[in-house]
Amino acid sequence: MRFELQYGDHVVTARESGTPVVALETTIVSHGLPRPDNLRVAREIEQAVRDNGAVPATIGMVGGRLVVGLSDKQLTRLATGDRIAKLSVRDLAAAAAAGADGATTVAGTSAVAAAAGIEVFATGGIGGVHRGASATFDESADLVTLSRTPVAVVCAGVKSILDVPATLERLETLGVTVVGYRTRRFPGFFVTDSGHDLDWSVSSVDELARLLRARREQGVHAGGVIVANPVPAQEQLDPELHDRVLQSGLSTIEAEGITGKAVTPRLLAHFHSNTGGRSLAVNVRIILGNATLAAQLAVAVAR
Ligand code: PSU
Ligand code: MN
């Protein structure tokens, strides 16, 4: 067996015709969203990219092969299978050698996208520094990966299940550019405003494309760019409900003794089951908004 990246037919066709491509991750599908909604949402994300003039390349591992642009059948397998590994960068080779099925995180997806020459990537939220990280050292590999991976990640910031200010400090240390899209505040995923300021903001897709071009032409910064795209205020999760569910979720994690890579999926499941479906609706809204902006950005960059 050989281990080169495998390209979906639609991605090959897009490349031949010069249509811009947007990378999408699969951890959100396999581990981040509740079933059975996850498959429907995964398809809607791809459709949002298409509706805005780009071609989606959903990235994941099927039977040990890293696929850039999963077919619908492969996407279904990762959305419904019950032994889907969660793949950060360090897991990619081990999982391939084992012939595993796996979903790529923001780190895993970014690394594969960059290797495939895809510059724009849409997701919901990225990983970050966990609360209590000064004792546990639990910091997502998303951060260090973005420090060395030339990709623009459109996201709604990080969830407040994490230590948001510590995450922003680490992004600064690691040299990851963070730019707000029509905002001067870092978004808090379910909520529009995390309460933390950003140094840079753009007000249009063209301005964002200019930033990426400057980054490329300067040839100085080899790392990633986080495009922070907040959920519109009128569509955010009620901040009071949000804070309440957050507190109970953090207690649950502690009571169940959950640590490491299982923490994020467990907290997300807690949110979904304790907000009467509202967090899912907001989650979907966020992802579709990010897919839309990413597609528009990919189109603007290609112009
Ligand atoms: N944040 C979310 N939803 C998610 C994730 C993060 O709001 O589904 C996923 C992403 O794939 C991210 C990963 O890259 O969790 C981070 O996991 P960890 O903290 O184990 O690195
Ligand atoms: Mn972790």
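Our subject is the structure listed above.
What counts and how
Residues numbered from 1 in each chain as written. Chains lettered and ligands numbered in written order. Predicted model: local features only at pLDDT ≥ 70, side-chain atom pairs only at ≥ 80, totals over all residues. Heavy atoms only, no water. Helix = DSSP H or I, 4+ residues; strand = E, 2+ residues; numbered from the N terminus. Buried < 20%, exposed > 50% of the residue type's maximum accessible area, 1.4 Å probe, protein only. Contact = heavy atoms within 4.5 Å. Pairing = 2+ DSSP bridges. Near = heavy atom within 4 Å. Polar contact = N/O pair within 3.5 Å; in protein donor to acceptor, adjacent residues only side chain to side chain. Areas by Shrake-Rupley, 256 points an atom, 1.4 Å probe, with all protein chains shown as cover. Nonpolar A, V, L, I, M, F, W, Y, C, P; charged D, E, K, R; others polar. Salt bridge = Lys/Arg side-chain N within 4 Å of Asp/Glu carboxyl O. Phe/Tyr/Trp six-rings, centres within 6.5 Å; stacked < 30°, edge-to-face > 60°. Lys NZ or Arg CZ within 6 Å of the ring centre and 35° of its normal.

A short note on the environment of Leu171
Part 1 of the reasoning: Within the secondary structure, Leu171 sits in helix 9 (residues 164–173).
Part 2 of the reasoning: On the accessibility criterion, Leu171 (1% relative accessible area) is buried.
Part 3 of the reasoning: Note: C-alpha distance between Leu171 and Pro187 (16 residues apart in sequence) is 15 Å.
Part 4 of the reasoning: The residues contacting Leu171, other than those within four sequence positions of it, are Leu143, Val176, Val178 and Ile226.

Some remarks on the pairing of strand 3 (residues 55–62)
Part 1 of the reasoning: Counted residue by residue, strand 3 has eight buried out of eight residues, so it is predominantly covered.
Part 2 of the reasoning: The alternating pattern of strand 3 places Val55, Ala57, Ile59 and Met61 on one face and Pro56, Thr58, Gly60 and Val62 on the opposite face, and all of these are buried.
Part 3 of the reasoning: Two elements, strand 2 (residues 21–24) and strand 3, share four bridges in a ladder whose sense is parallel. The partner of Val21 across the bridge, within strand 3, is Val55.

A few points about the site of ligand 1
Part 1 of the reasoning: If you check the shell around ligand 1, you find 16 residues, and the closest are Glu25, Val106, Ser140, Asp142 and Lys159.
Part 2 of the reasoning: Contacts to ligand 1 include Lys86, whose side-chain N or O atom sits 2.8 Å from an oxygen atom.
Part 3 of the reasoning: Between Ser140 and ligand 1, the recorded distance is 2.7 Å, taken from a side-chain N or O atom to an oxygen atom.
Part 4 of the reasoning: Contact with the protein chains removes 92% of the 480 Å² of surface that ligand 1 exposes when unbound.
Part 5 of the reasoning: Elements with a contribution of two residues or more to the shell around ligand 1: helix 2 (27–32) and helix 12 (263–274).
Part 6 of the reasoning: If you tally residues by element for the shell around ligand 1, the top one is helix 2, at three residues.
Part 7 of the reasoning: Here the shell around ligand 1 is composed, by residue class, of four nonpolar, seven polar and five charged.

Some details on helix 6 (residues 106–115)
Part 1 of the reasoning: Across the 10 residues that make up helix 6, a large majority, eight, are buried.
Part 2 of the reasoning: Taken together, the buried positions of helix 6 are occupied by Val106, Ala107, Gly108, Thr109, Ser110, Ala111, Val112 and Ala113.
Part 3 of the reasoning: The N-terminus of helix 6 is capped by Thr105, whose side-chain oxygen sits 3.2 Å from the backbone nitrogen of Ala107.

Considerations on the pattern of salt bridges
Part 1 of the reasoning: Applying the stated criterion across every chain yields a total of 14 salt bridges.
Part 2 of the reasoning: Across the pair Arg216 and Glu119 runs a salt bridge whose closest N-O atoms are separated by 3.3 Å. Highlighted residues: Arg216 in helix 10 (residues 205–218) and Glu119 in the loop between helix 6 and strand 7 (120–122), separated in sequence by 97 residues.
Part 3 of the reasoning: A relative accessible area of 24% places Glu119 in the partly exposed class.
Part 4 of the reasoning: We note a salt bridge from Arg170 to Glu139, for which the minimum N-O separation is 2.8 Å. Linking Arg170 in helix 9 with Glu139 in the loop between helix 7 (133–136) and helix 8 (141–146), this pair joins segments that are 31 residues apart in sequence.
Part 5 of the reasoning: The exposure class assigned to Arg170 is partly exposed, which follows from its relative accessible area of 29%.

Here's the deal with the packing of aromatic side chains
Part 1 of the reasoning: In the structure shown here, the tally under the stated rule is two aromatic pairs.
Part 2 of the reasoning: Arranged with centres 4.9 Å apart and planes meeting at 80 degrees, the rings of Phe189 and Phe190 form a pair that is edge-to-face.
Part 3 of the reasoning: Residue classification places Phe190 among the buried residues on the basis of a relative accessible area of 1%.
Part 4 of the reasoning: These aromatic residues form a ring-pair network of at least three members: Phe189, Phe190 and Phe271.
Part 5 of the reasoning: A cation over an aromatic ring shows up here: Lys159 above the ring of Phe189, its NZ or CZ 3.5 Å from the ring centre.
Part 6 of the reasoning: Taking the ring centre of Phe190 as reference, the NZ or CZ of Lys159 above it sits at 5.1 Å.

Quick word on the environment of Tyr181
Part 1 of the reasoning: Structurally, the position occupied by Tyr181 is in strand 9 (residues 177–181).
Part 2 of the reasoning: It is 7.6 Å that separates the C-alpha atoms of Tyr181 and Pro230, two residues lying 49 residues apart in sequence.
Part 3 of the reasoning: In this structure Tyr181 touches Val202, Ser204, Val205, Leu208, Val227, Ala228, Asn229, Pro230 and Leu293, once residues within four positions along its chain are discounted.

Describing unusual backbone geometry
Part 1 of the reasoning: With an omega of 5 degrees, the peptide bond between Arg35 and Pro36 qualifies as cis.
Part 2 of the reasoning: Relative to the elements of secondary structure, Pro36 occurs in the loop between helix 2 and helix 3 (37–51).
Part 3 of the reasoning: Non-glycine residue Phe137 carries a positive phi angle of around 65 degrees.
Part 4 of the reasoning: Of the residues examined, Phe137 reaches a relative accessible area of 72% and is grouped as exposed.
Part 5 of the reasoning: Positioned with a positive phi, Arg182 is a non-glycine residue whose angle comes to about 60 degrees.
Part 6 of the reasoning: Topologically, Arg182 is positioned in the loop between strand 9 and strand 10 (185–188).

What to know about the pairing of strand 9
Part 1 of the reasoning: Counting buried residues in strand 9 gives four out of five residues, a clear majority hidden from the surface.
Part 2 of the reasoning: Two elements, strand 9 and strand 12 (residues 200–202), share three bridges in a ladder whose sense is parallel. From the neighbouring strand, Val179 faces strand 12, where its bridge partner is Trp200.

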